[in-house]
Amino acid sequence: MTKIRVLWIVLIGVLVMTFGILGFVGREVYRQAPPIPGTVVSEDGTVLFGREDILDGQQVWHSTGGQQLGSIWGHGAYQAPDWSADWLHREATTLLENWAQRDHGQSWEELDAERRAALQERLRATLRTNTWDAETDVLTLSADRVAAIAEVAAHYAGLFGNAPELQELREAYAMQNNAVPDADRRQALTRFFFWTSWACAAERPGKAVTYTNNWPHEPLIDNRPTGTNILWTVLSIAGLLAALGGLVWWRAFRAEPEESVKPPAEDPLGSFTPTPSMRALGKYLGVIIALFCVQVLLGALTAHYTVEGQGFFGFPLAEILPYSLTRTWHVQTALFWIATSFLAAGLFLAPLVGGREPRFQRLGVNLLFGALLLVVVGSLAGQFLSVHQKLGLDMGFWFGHQGYEYVDLGRAWQMALFVGLLLWLGLMLRGLWPALLRRDDGRQLVIMFTFASAAIGLMYAAGFFFGARSHLSVMEYWRWWVVHLWVEGFFEVFATCALAFIFARMGLIEARSAGRAVIASSALFLLGGIPGTFHHLYFSGTPVEVMAVGSMFSALEVVPLVLIGLEAFHTSRLQKAASWMRPYRWPIRFFVGVAFWNLVGAGLFGFMINPPLALYYMQGLNTTPVHGHAALFGVYGLLSLGLVLLVARRLSGDRPWREKPLAFAFWAMNIGLSLMLLLSLLPIGLLQTVASVDTGLWYARSADFLQQPLLQNLRWMRGIGDGLFLAGVAALAWFMLGLVRGWSYQDAPQDDSAAELPEAHPEPLTV
């Protein structure tokens, strides 16, 4: 059996096994999700509310921005509280205070230690005892608890309304005033918050652990890490060390020596004239850079809201663009420009791989461009209307805001985007088809490239398996199919295939070896990456099987990141392989930057929060955006920009670039990102971790903690990194505009007037 066949068997086996695990454990997510009681009643039989009221509240939560305004079960934004943890603590302290006043005539704080201990034990029994009856589907609450719930609900009704006494708290939370003007909607919202908190406190039938595996940390009711939490943390670390040891052994004793390839005398890509569909991609590059600029400006504004809540240096900008909206747009525009860069790179490479331009390919490229613009503009406008409560709940889900991070766009726009992805996949297959029919050394690489393209086009459909009223645990399961598998999984495979093909086409690596390497690396990455999806779901109302699978396989995700670091060294050498490689040195440096951030952002910062015990205390803290920013921009952002520059390099012909703006942009963005993390996000996250361990998650996310002078100063410190990063983005945008206007070429006139370009040179990049 040939080696290539063995590799294909391994890859197919990995896919079958890992998706089998994902499906089998996913069945348990459905089966063991926390129940949404059909009816909630008091001890005297009075009906308080029911399942439909809770689901109505879930839709109200969607309409406000959902996970972009605070978080639920640790997933979402980091400025406002985690509503489930906050409700749990408020209900607990309200019960303790009411009991202390009624039974002892004193406040809770005035009681002696013995009486406090007795009341706290009563509290633990009250909140952790599961009073839901599976046969009748009725949840029964004590009279004391009903009274406490009413008090807490009144607080949230005022907070999401316009209660003047809570104005300072809204500013600390970066919430707009009157976020939910309708009183009925506010009431439904409080019922949803209560249910998410109830699931955090009520024990699963027959077990001494809550539906959320004792998350969040709340000492008042004895919510602490479980034994299985600690066990799987230890085992995951041991598994990682064993895997790294195996990698070192393989590299030292078993890895085959690299095949040396003599590069060609001239650039092989230079002889390939860009086709009409390739040239039509110029406008894609312009939109990518424009969206990138908008995204970072929105990020800067969102970060500023963490220190000024409802204003921008005194201007009440939040009345128009509140935090929940700017954060929604910041996340969504990031996905838009990164995904568009992958689509553009694929459409550029397809004719290059296939060797010819299919008929009407340019028309398809232009139609896809129009469809993408429609989705971008329509979805952003719908989210504006939803956050400002201008849409009905059902209409808001379809055309406004789905309420879930990374899949925020309304369902209708999501469906339109999927249709666009299918159109893109069709265009890709038309371009790749001739190469698929050829039986040469590069066929395996082409097959992998086709597989990755199909996965990108089809995996996005996972986002359609939940609806507006789907169970929150079920929704999280499918949402992470999109975020983790689509973005973090198959985008990575696609990028690996694209880069391998580019270097093989340049004659810098041998095509057959590149094909084998791509198959092997994809199998290794997907082995940990597919079941590793579950590391996002430890505390989302899922059973312990999720923790076991997620912890072990997510630890293995670090292993291929170490290999990527080794590949970065070899990639960096390619820019010196031949004299004609000089024009490609900046795209290659962006690719090398990807390898660095893959190891640091995805590997180091990712594993820092991924083990169950670490995530128990860190979920929902600023340690998460440390990993998020370093991985999303450091890996996928730099990779996307490298692909953009590579396409721009070929579309602009052989004219040499003025590269100083590119050099400044590269270093400013990378150093700026590092400063943003090290001066602000990471120290804030670590201080929050200490507070979460010592006191509880509610405190680590509270206004009392986050508004301390030290924390405020650390937020202002972020401006140093943000400012440098923004300067780098501006330099990149200036350079890309110069490719259109002419001033980014070395042979441009000294007055930078594009209108006076010598006619002998090719036209500037067309947008």
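Just so you know, these numbers come straight off a predicted model, no measurement behind them.

A. Molecular detail of the overall build of the protein chain. Scanning the protein chain from N- to C-terminus turns up 26 helices and six strands. Counting only C-alpha atoms and orienting by the principal axes, one finds that the protein chain spans roughly 90 × 60 × 45 Å. The 767 residues of the protein chain split such that 61% are buried. Long-range pairs, those at least 24 residues apart, make up 77% of the contacts in the protein chain with a sequence separation of at least 6. Of the roughly 28800 Å² of accessible surface on the protein chain, a fraction of 64% belongs to carbon and sulfur atoms. A distance of 12 Å separates the average location of the 54 positive side-chain charges in the protein chain from that of its 60 negative side-chain charges.

B. Structural detail: the packing of aromatic side chains. Counted according to the given criterion, the structure contains 49 aromatic pairs. Both rings, one in Trp83 and one in Tyr156, keep their centres 5.8 Å apart while their planes meet at 75 degrees; by these two values the pair is edge-to-face. With Trp83 in helix α3 (residues 83-104) and Tyr156 in helix α5 (residues 143-160), this residue pair connects regions lying 73 residues apart in the sequence. Judged by its relative accessible area of 1%, Tyr156 is buried. Relative to Trp597, the ring of Phe596 has its centre 5.1 Å away and its plane inclined at 80 degrees; by these criteria the two rings are edge-to-face. A cation over a ring is seen here: Arg122 above Trp99, with NZ or CZ 4.7 Å from the ring centre.

C. Spotlight on the pattern of salt bridges. Applying the stated criterion across every chain yields a total of 19 salt bridges. Here Arg469 and Asp56 are joined by a salt bridge, their closest N and O atoms 2.9 Å apart. Taken as a pair, Arg469 in the loop between α15 (443-459) and α16 (472-505) and Asp56 in helix α2 (residues 51-64) lie far apart in primary sequence, 413 residues in all. Judged by its relative accessible area of 29%, Asp56 falls in the partly exposed class.

D. Structural detail: helix α12 (residues 361-387). An ideal rise of 1.5 Å per residue puts 39 Å on 27 residues; α12 measures up with 39 Å between its terminal C-alpha atoms. Directly beyond the C-terminal end of α12, a positive phi value near 60 degrees is found at Gln389.

E. View of the sheet that holds strand β1 (residues 39-42). Pairing within the open sheet is mixed, and its four strands lie in the order β2-β1-β6-β5. Sheet topology places β2 (47-50) and β5 (132-133) at the edges, where each strand pairs with a single neighbour. Across two bridges, the pairing between β5 and strand β6 (residues 138-141) is antiparallel. Residue pairing across strands places Asp133 opposite Val138, the latter belonging to β6. Strands in contact with α5 are β1, β2 and β6; relative to β6, the strand with the most contacts, it is inclined by about 90 degrees.

F. Here's a closer look at the packing of helix α22 (residues 623-651) against helix α23 (residues 660-694). It is at 8 Å that the axes of α22 and α23 come closest, and there the two elements cross at 165 degrees. In this view, α22 runs roughly antiparallel relative to α23, as classed from their interaxial angle. Where α22 crosses over α23, the two elements pack in a sense that is right-handed. Residues Thr623, Pro625, Val626, His629, Ala630, Phe633, Gly634, Leu638, Leu641 and Leu645 of α22 form the contact with α23, whose participating residues are Leu662, Met669, Asn670, Leu673, Met676, Leu677, Leu681, Leu682, Gly685, Leu686 and Thr689. When the residues that make up the contact of α22 with α23 are grouped by side-chain class, the tally is 15 nonpolar, six polar and no charged.

G. Spotlight on the side chain of His330. Structurally, His330 is set in helix α11 (residues 323-354). Among the polar contacts listed, one links the side chain of His330 to the backbone oxygen of Gln295, at a separation of 2.8 Å. Leave out the neighbours within four places in its chain, and His330 touches Gln295, Leu298, Gly299 and His629.

H. Focus on the pairing of β2. In this structure, β1 lies alongside β2, joined through three bridges in antiparallel fashion. When the bridges of β2 are listed, Val41 appears paired with Val47. In this antiparallel pair of consecutive strands, β1 and β2, the connection spans four residues, and Gly45 shows a positive phi of 90 degrees.

I. Fine view of the environment of Tyr538. Summarising the element assignment, Tyr538 is placed in the loop between α17 (511-529) and α18 (544-556). The exposure class assigned to Tyr538 is buried, which follows from its relative accessible area of 0%. With 331 residues separating them in the primary sequence, Tyr538 and Lys207 have C-alpha atoms 17 Å apart. Looking at Tyr538, its side chain comes within polar contact range of the main-chain oxygen of Asn610, at 3.2 Å.

J. The pairing of β1, seen in detail. Two elements, β1 and β6, share four bridges in a ladder whose sense is parallel. Bridge assignment links Val40 to a residue of β6, and that residue is Leu139.

K. Representation of the confidence of the model for the protein chain within the structure. Looking at the protein chain, pLDDT values average 89 and 93% of them are 70 or higher. Contacts from residues 750-767, a stretch scored under 50 in pLDDT, to residues over four places away or in other chains number 32 contacts.

L. A nonpolar patch on the surface, seen in detail. On the surface, Phe312, Phe313, Phe315 and Trp716 cluster together into a nonpolar patch covering about 470 Å² of accessible area. Looking at where Phe312 falls in the secondary structure, it is placed in the loop between α10 (282-308) and α11.

M. A look at the side chain of Arg185. When you line up the elements, Arg185 lands in helix α7 (residues 183-201). Buried and unpaired, Arg185 has Asp182 as its nearest opposite-charge partner, separated by 5.0 Å. A polar contact of 3.2 Å, which involves the side chain of Arg185, links it to the backbone oxygen of Leu391.

N. Broad picture of the packing of helix α20 (residues 585-609) against α22. Viewed as axis vectors pointing N to C, α20 and α22 meet at an angle of 165 degrees, and their least axial separation amounts to 8 Å. Relative to α22, the element α20 lies roughly antiparallel. Crossing of α20 against α22: the hand is left-handed. For the contact of α20 with α22, a count of residues per class yields 19 nonpolar, nine polar and no charged.

Criteria and thresholds
Residues numbered from 1 in each chain as written. Predicted model: local features only at pLDDT ≥ 70, side-chain atom pairs only at ≥ 80, totals over all residues. Heavy atoms only, no water. Helix = DSSP H or I, 4+ residues; strand = E, 2+ residues; numbered from the N terminus. Buried < 20%, exposed > 50% of the residue type's maximum accessible area, 1.4 Å probe, protein only. Contact = heavy atoms within 4.5 Å. Areas by Shrake-Rupley, 256 points an atom, 1.4 Å probe, with all protein chains shown as cover. Lys, Arg positive; Asp, Glu negative; His and termini not counted. Charge placed at Lys NZ, Arg CZ, Asp CG, Glu CD. Phe/Tyr/Trp six-rings, centres within 6.5 Å; stacked < 30°, edge-to-face > 60°. Lys NZ or Arg CZ within 6 Å of the ring centre and 35° of its normal. Salt bridge = Lys/Arg side-chain N within 4 Å of Asp/Glu carboxyl O. Expected span 1.5 Å × (residues − 1). Pairing = 2+ DSSP bridges. Axes fitted to C-alpha atoms, helices over the stretch in contact; angles between N-to-C directions. Parallel < 35°, antiparallel > 145°, perpendicular 65-115°, else oblique. Left-handed = near helix turned anticlockwise from the far one by under 90°. Nonpolar A, V, L, I, M, F, W, Y, C, P; charged D, E, K, R; others polar. Polar contact = N/O pair within 3.5 Å; in protein donor to acceptor, adjacent residues only side chain to side chain. pLDDT = per-residue confidence, 0-100. Patch = residues over 30% accessible without salt bridge, like charges linked within 9 Å, V, L, I, M, F, W, Y side chains within 5 Å.

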